[in-house]
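Results of the structural survey
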Amino acid sequence: MVVNPVQSVGAVGVVGAGAMGRGIAQVCAVGGLAVKLYDSSAEAVGRALQAVRDDLMVAVTRSKMSQADADQALARIEMASALSDLQGCDLVVEAIIEQLEAKQKLFRSLELVVTPQCILATNTSSLSVTAIASVCTHPERVVGWHFFNPVPRMKVVEIIQAPRTSDDVVQQVVSLSQKVGHRGVVTSDSPGFVVNHAGRAFVTEGLKLLAERSASHQELDAILKACAGFRMGPFELLDLTGLDVSVPVMESIHAQYFGDDRYRPVALARTRMTAGLLGRKTGQGFYDYNSPPKALAVAPALVQLETVKVWWPIEGPAAMPDAMLPNLPVEARCQSPEEADVILLFPIARDLSSTVVSLGLDASKAVAVDPTFGSASGVTLMVSPATTRHALNATQALFASKSVKTFVIADSPGYVAPRVVACIVNLVCEMAQQGVATPADIDAAVRLGLGYPCGPFEWGDRIGANRVLHIMQELFATFGDQRYRPAPWLVRRAELGLSLSAPDRQI
């Protein structure tokens, strides 16, 4: 028998009074819902209520909420002394320890207490909602409702639909999410759901670039912040979360996808974790938190520009894009590469070595400039093993004359920012192909849950699907690594000239 859920949720039960449980209780109470908060430890509930009270008072002092509204919200949260006190709730959400057996045991107990119409939700971040629901008499009313910490400030929540979860239950939870001030993102029950799944490419590709010695971790972080607009670099993020948390997550998602190379971690992450270089929590990770932060190395003394002859192509696959012209002294260009001291090339996806060989140019003079993420805020310069120090110094001087900061990396297809962003876009295209979530929901989840400058489908459309595909194809050709195989969703839309968010025709 399929159970029909309640038509409107007015009372919510929360099991677990830790950081997540109290956050969920708070947003539900602020959203006008009656809340019953239960924990096996009465002291934990007391601490949770005090934490909610303190947070609401902060909102009052910052004029984000009136004192009356804060008092009313706090009054809506009631302490439950036993699971049986939750019998009148329309929805019960658990936020207990992240162990499958514990959650299954709780759901079996809840089914003996709540009404047949009550929705049962889990705030699990990594466990299978299907597995949790498998022990229930009515798995159709079990749904994932995954919030992010801190709940009142992270305005996105994943709504995970297991194979037997009723569509009506999902829609009820979508509406409820909106009522408590969160953007509900519907996803299928799959490893990492949406946010943790979509976030794999950022840190994994950053680690891959570091393992290839493309640049130092400081330089990679700086490029991704200055040129691509990320709030934090991948190594700052790994230090913040801790490798003891991040590495098991990376390895778990890789294992859950049966070893798919797209999710394969980089060995140096586990090596550093084993060495105890966990990040902020241990005082040292990729960065040393026991010493003053070190600035990036200062560029070498600038050469005299009036003595430098520069050439760049004005047409062809490595030509300078018009957008780059304001960042260079155009009058410095000479007539031919043979008479130049420096050759500037602007390949989109190929590395510098293959580009100079294909064009028959002098590799010692050549420096590549990222044409995709180059702007007044900074440009990335790429050198080959043959590039001379003079050619690099002269190129830095050219940009410095226009007050443009430069970052230097070793030869790498796709540079840094284009490569990382292309991998992010390619991954979410694969997610859309698998039906994990819609492009609109993925974009919203990534913007709100990961704080990226924009949604990856929106980003891919801005860069251009063909350019993203070109970068992925070049990475795949260079490394022969299945990690870089282009997603069919990306390939088809690039070939057809469609937006990356264009849906598949339903058959």
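Look up: the structure comes first, before these words.
The following refers to the structure shown. Please read all numbers here as calculations on a predicted model, not as lab measurements.

1. Thoughts on the side chain of S190
By secondary structure assignment, the location of S190 is in the loop between β8 (183-188) and α7 (195-198). Apart from the residues lying within four places of it in its own chain, the contact partners of S190 are Y257 and V436.

2. Quick word on the nonpolar core
F230 and L490 are the most contacted members of the largest nonpolar core, which has 86 residues in total. Counting residues per element, this core draws most heavily on helix α15 (residues 417-434), which supplies twelve residues. Setting aside anything within four residues of it in sequence, one finds F230 in contact with F202, L224, K225, V421, I424, Y452, P453 and W459. One finds V12, I77, L91 and V173 within the second-largest nonpolar core, a separate group that totals 42 residues.

3. Comments concerning helix α16 (residues 439-450)
Here α16 spans 15 Å end to end across twelve residues, near enough to the 16 Å set by a 1.5 Å rise per residue. Within the sequence span of α16, burial applies to P439, D441, I442, D443, A444, A445, V446 and G449. In this fold, the buried residues of α16 make contact with β7 (156-161), β8, α7, α15, α17 (456-463) and α19 (488-496). Where α16 ends, the next residue or the one after it, G451, has phi of about 70 degrees, a positive value.

4. Quick word on the environment of T380
Tracing the sequence through the fold places T380 in strand β12 (residues 379-383). Spatially, the C-alpha atom of T380 lies 8.3 Å from that of A368, the residues being twelve residues apart in sequence. With residues up to four places along the chain from it excluded, the contact list for T380 reads I223, C227, A368, V369, D370, F407, I409 and Y415.

5. A few points about the packing of aromatic side chains
A complete count under the given rule lists nine aromatic pairs for this structure. One Lys or Arg, K208, reaches over the ring of F479 and ends 4.4 Å from the middle of that ring. Taking the ring centre of W489 as reference, the NZ or CZ of R493 above it sits at 3.5 Å.

6. Observations regarding the sheet that holds strand β13 (residues 406-410)
Strand order in this open sheet of five strands is β9-β10-β11-β12-β13, and the pairing throughout is mixed. Either end of the sheet is taken by a strand with one partner, and the two such strands are β9 (310-311) and β13. Inspection of the sheet shows strand β10 (residues 342-345) paired to strand β11 (residues 366-369) by three bridges, in the parallel sense. Considered in β11, the bridge of L344 is made with V367. The strands that helix α9 (residues 217-226) touches are β12 and β13; relative to β13, the one it contacts most, it runs at about 130 degrees.

7. Some thoughts on the side chain of D239
In this structure, D239 sits in helix α10 (residues 234-241). The buried charged residue D239 lacks any salt bridge, with R272 as its nearest oppositely charged partner at 6.2 Å. From its side chain, D239 meets the backbone nitrogen of F286 in a polar contact 3.0 Å long. In this view, D239 contacts L278, G279, R280, G285, F286, Y287 and Y289; residues no more than four positions away in its chain are not counted.

8. Digging into the packing of helix α8 (residues 200-211) against α10
Their axes nearest at 9 Å, the elements α8 and α10 cross at an angle of 115 degrees. Viewed along their axes, α8 and α10 form a crossing whose handedness is left-handed. Of the residues in α10, those touching α8 at F202, V203, G206, L207 and L210 are P234, F235, L237 and L238. Here the contact of α8 with α10 is composed, by residue class, of eight nonpolar, one polar and no charged.

9. Overview of the pattern of salt bridges
With the rule as written, the count across this model stands at 18 salt bridges. D481 is the salt-bridge partner of R264, the closest N and O atoms lying 2.6 Å from each other. With R264 in the loop between α11 (243-256) and α12 (267-274) and D481 in the loop between α18 (465-479) and α19, this residue pair connects regions lying 217 residues apart in the sequence. Close ionic contact of D481 with R483 constitutes a salt bridge, the shortest N to O distance being 3.6 Å. Accessibility expressed as a relative area gives 5% for R483, which makes it buried.

10. Overview of helix α13 (residues 352-359)
Within the sequence span of α13, burial applies to L352, T355 and V356. The buried side chains of α13 occupy one side of the element, clustering within an arc of 90 degrees when seen end-on.

11. As for the sheet that holds strand β2 (residues 34-38)
Through backbone hydrogen bonds, the strands of a sheet pair up, either in parallel or in antiparallel fashion. Taken together, eight strands build an open sheet; the order of strands is β3-β2-β1-β4-β5-β6-β7-β8 and the sheet is mixed. Unpaired on one side and paired on the other, β3 (77-80) and β8 mark the two borders of the sheet. Neighbouring strand axes in the sheet, compared pairwise and without regard to direction, differ in orientation by 25 degrees on average. Pairing of strand β1 (residues 11-15) with β2, which is carried by five bridges, proceeds in the parallel orientation. Bridge pairing in β2 places G13 opposite K36.

So, how was this worked out
All chains use their own residue numbering, which begins from 1 and follows the written sequence. Only residues with pLDDT of 70 or above have their local features reported here, since the model is predicted, and side-chain atom pairs are shown and tallied only from 80 upward, although totals for entire chains, interfaces and linings are computed over all residues. Side-chain metrics in this entry use all non-hydrogen atoms of the structure; hydrogen atoms and water are not considered. The helix and strand labels rest on DSSP assignments: H or I over at least four residues marks a helix, E over at least two residues marks a strand, and numbering proceeds from the N terminus. Any two residues having at least one pair of non-hydrogen atoms within 4.5 Å are treated as being in contact. What makes a nonpolar core is a set of buried Ala, Val, Leu, Ile, Met, Phe, Trp, Tyr and Cys residues whose side-chain atoms join them at distances within 4.5 Å. Partly exposed describes any residue whose relative accessible area lies between the buried limit of under 20% and the exposed limit of over 50%, with all areas from a 1.4 Å probe on protein chains only and scaled to the type maximum. In a helix, the anticipated span is given by 1.5 Å times the number of residues less one. Centres within 6.5 Å are what make two rings of Phe, Tyr or Trp a pair, Trp counting through its six-membered ring; a difference in plane orientation under 30 degrees is then read as stacked, over 60 as edge-to-face, and the rest as tilted. The rule is short: NZ of Lys or CZ of Arg within 6 Å of the ring centre and within 35 degrees of the ring normal puts a charge over the ring. Note on pairing: DSSP must find at least two bridges between two strands before they are called paired. Axes here mean lines fitted to C-alpha atoms, for a helix over just the part in contact, with angles spanning 0 to 180 degrees between N-to-C directions. Here Asp and Glu are counted as negative and Lys and Arg as positive; His is not counted, and neither are the chain ends. The rule for a salt bridge is simple: a side-chain nitrogen of Lys or Arg has to be within 4 Å of a carboxyl oxygen of Asp or Glu. N or O atoms within 3.5 Å of each other form a polar contact, as long as, within protein, one can give a hydrogen and the other can take it, and as long as residues adjacent in sequence are counted only when both atoms are side-chain atoms. Take the far helix as the reference: if the near one is turned anticlockwise from it by less than a right angle, the crossing is left-handed, and if turned clockwise, right-handed. Residues were grouped as follows: Ala, Val, Leu, Ile, Met, Phe, Trp, Tyr, Cys and Pro as nonpolar; Asp, Glu, Lys and Arg as charged; and all remaining residues, including Gly, as polar. It is the directions from the helix axis to the C-beta atoms whose arc is reported.

Geometry only, nothing functional implied.
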